[in-house]
Amino acid sequence: MLTFSLTVVRHGETQYNKEKLLQGQGVDTSLSEPGLQQAEAAGLYLRELRFSNVFVSNLQRARQTAEIIMRNNVHSSGVEMVFDPLLRERGFGIAEGRPKEDLKNMANAAGQSCRDYTPPGGETLEQVRLRCKKFLKSLYQRMVDDHSCSGQSSAAVGTEAGAGAAESGTDGPLAGLPDDGMDGVPLHALVVSHGAYIRVAVRHFVEDLQCSLPQGLKMSKVLSACPNTGISRFVLTVSPSESGLALSAVRCVFTNRKDHLTSRNICYITH
């Protein structure tokens, strides 16, 4: 049994984000100046955490964000960043590079909601969900391969981490600290990805995997759109099964946190 925390961060703002244009996979833009500041703020917020593994979408905006976060980190300088195309944004087909309003108009013309509509050449939500499941399967295997011999995957550690997770999940609202949910959890993976992909992934955790949620957290908040450099955290336990590794427990610590994006923090970075 192996228990680890998973921190998921959306990339910083791009000019396309600012202009409300769809990027998807075909438009590979870099971070805007505000996006660079957001990434710096996220890096400063997470700087004291010790990441054992880092997984990043191979699109430029995610790579830049991850590089800035890791550059600010004081404990994880030797950790390899794995750039994985499974973490890419949802593909929006012919709608990429066009205003989001165009996507809404296409959906209306097709008699569908914007969320459920797939533009020609784009990915369905189910295809993104399957891509997310494939990534998670590879994540479990990588974490076990990297850490199962380190003494951190023992039943005792897993039990301690599970107990701490259950306790903090019933204590009401969390304090908003960078290391929330990590008591007794020695392993910590960082994932940097994209807004639509993260929304699908969180829905998969909550609806398909029956993820436990913090007390008092509204479902509308859990499933809301992730802001640029918004941060979410889960604690996962994987165990061997007849078909390979399987998720035996998953708990949500928080979603879409943006404490680091206060005007005071941004001002500190720019000055």
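Residues numbered from 1 in each chain as written. Predicted model: local features only at pLDDT ≥ 70, side-chain atom pairs only at ≥ 80, totals over all residues. Heavy atoms only, no water.

**A few points about the UniProt feature "active site" (unreviewed entry) in the protein chain**
Part 1 of the reasoning: Residues annotated in UniProt with the feature "active site" (unreviewed entry) correspond here to His11 and Glu89. A maximum C-alpha distance of 10.5 Å among these annotated residues, which run over 79 residues, shows that they cluster at one spot.
Part 2 of the reasoning: Accessibility expressed as a relative area gives 1% for His11, which makes it buried.
Part 3 of the reasoning: The residues touching His11, leaving out its near neighbours within four places in the chain, are Asn17, Gln23, Arg61, Ala62, Thr65, Ser193, His194, Asn228 and Thr229.
Part 4 of the reasoning: A distance of 3.4 Å separates a polar atom in the side chain of His11 from a polar atom in the side chain of Arg61.
Part 5 of the reasoning: By the element assignment, Glu89 lies in the loop between strand 3 (81-83) and helix 4 (100-109).
Part 6 of the reasoning: Take Glu89: its relative accessible area is 8%, and that puts it in the buried class.
Part 7 of the reasoning: Not counting the four nearest positions on each side in its chain, Glu89 is found in contact with Gly24, Gln25, Leu59, Arg61, Glu123, Arg131, His194, Gly195, Ala196 and Tyr197. (UniProt positions renumbered as here; feature names shortened; annotations may be inferred. Buried < 20%, exposed > 50% of the residue type's maximum accessible area, 1.4 Å probe, protein only. Contact = heavy atoms within 4.5 Å. Polar contact = N/O pair within 3.5 Å; in protein donor to acceptor, adjacent residues only side chain to side chain. Helix = DSSP H or I, 4+ residues; strand = E, 2+ residues; numbered from the N terminus.)

**Let's talk about the UniProt feature "binding site: substrate" (unreviewed entry) in the protein chain**
Part 1 of the reasoning: According to UniProt, the "binding site: substrate" (unreviewed entry) feature falls on Arg10, His11, Gly12, Glu13, Thr14, Gln15, Tyr16, Asn17, Arg61 and Lys100.
Part 2 of the reasoning: Assignment of secondary structure puts Gly12 in the loop between strand 1 (2-10) and helix 1 (15-18).
Part 3 of the reasoning: Apart from residues lying up to four places away in sequence, Gly12 is in contact with Asn17, Leu31, Gly35, Gln38, Thr65, Asn228 and Thr229.

**Examining the environment of Leu22**
Part 1 of the reasoning: Among the structural elements, Leu22 can be located in the loop between helix 1 and helix 2 (33-45).
Part 2 of the reasoning: For Leu22, a relative accessible area of 7% gives the class buried.
Part 3 of the reasoning: In the structure, Leu22 is positioned 76 residues away from Arg98 in sequence and 5.7 Å away in space, judged by C-alpha atoms.
Part 4 of the reasoning: Excluding anything up to four places from it in sequence, Leu22 contacts Tyr16, Val27, Phe92, Ala95, Glu96, Gly97, Arg98, Lys100 and Leu103.

**Regarding the nonpolar core**
Part 1 of the reasoning: By size, the foremost hydrophobic cluster in this structure holds 35 residues, and its most contacted members are Phe4, Leu6, Phe135 and Leu139.
Part 2 of the reasoning: For this core, the secondary-structure elements that each account for two or more residues are strand 1, helix 5 (125-147), strand 4 (188-193), helix 7 (195-208), strand 5 (231-241) and strand 6 (244-257).
Part 3 of the reasoning: Tallying contributions element by element places helix 5 first for this core, with eight residues.
Part 4 of the reasoning: Those residues within four positions of Leu6 in sequence are excluded, and the remaining contacts are Leu139, His188, Ala189, Val191, Phe205, Ser232, Arg233, Phe234 and Leu236.
Part 5 of the reasoning: One finds Ala62, Met70, Leu190 and Val253 within the second-largest nonpolar core, a separate group that totals 20 residues. (Core = buried A, V, L, I, M, F, W, Y, C linked by side-chain atoms within 4.5 Å.)

**Focus on helix 5**
Part 1 of the reasoning: Under the 1.5 Å per step criterion, the end-to-end length of helix 5 is 32 Å for 23 residues, consistent within 8% with the ideal 33 Å.
Part 2 of the reasoning: For helix 5, the full list of buried residues reads Val128, Arg131, Cys132, Phe135, Leu136, Leu139, Tyr140, Met143, Val144 and His147.
Part 3 of the reasoning: Elements in contact with the buried residues of helix 5: strand 1, strand 2 (53-56), strand 4, helix 7, strand 5 and strand 6. (Expected span 1.5 Å × (residues − 1).)

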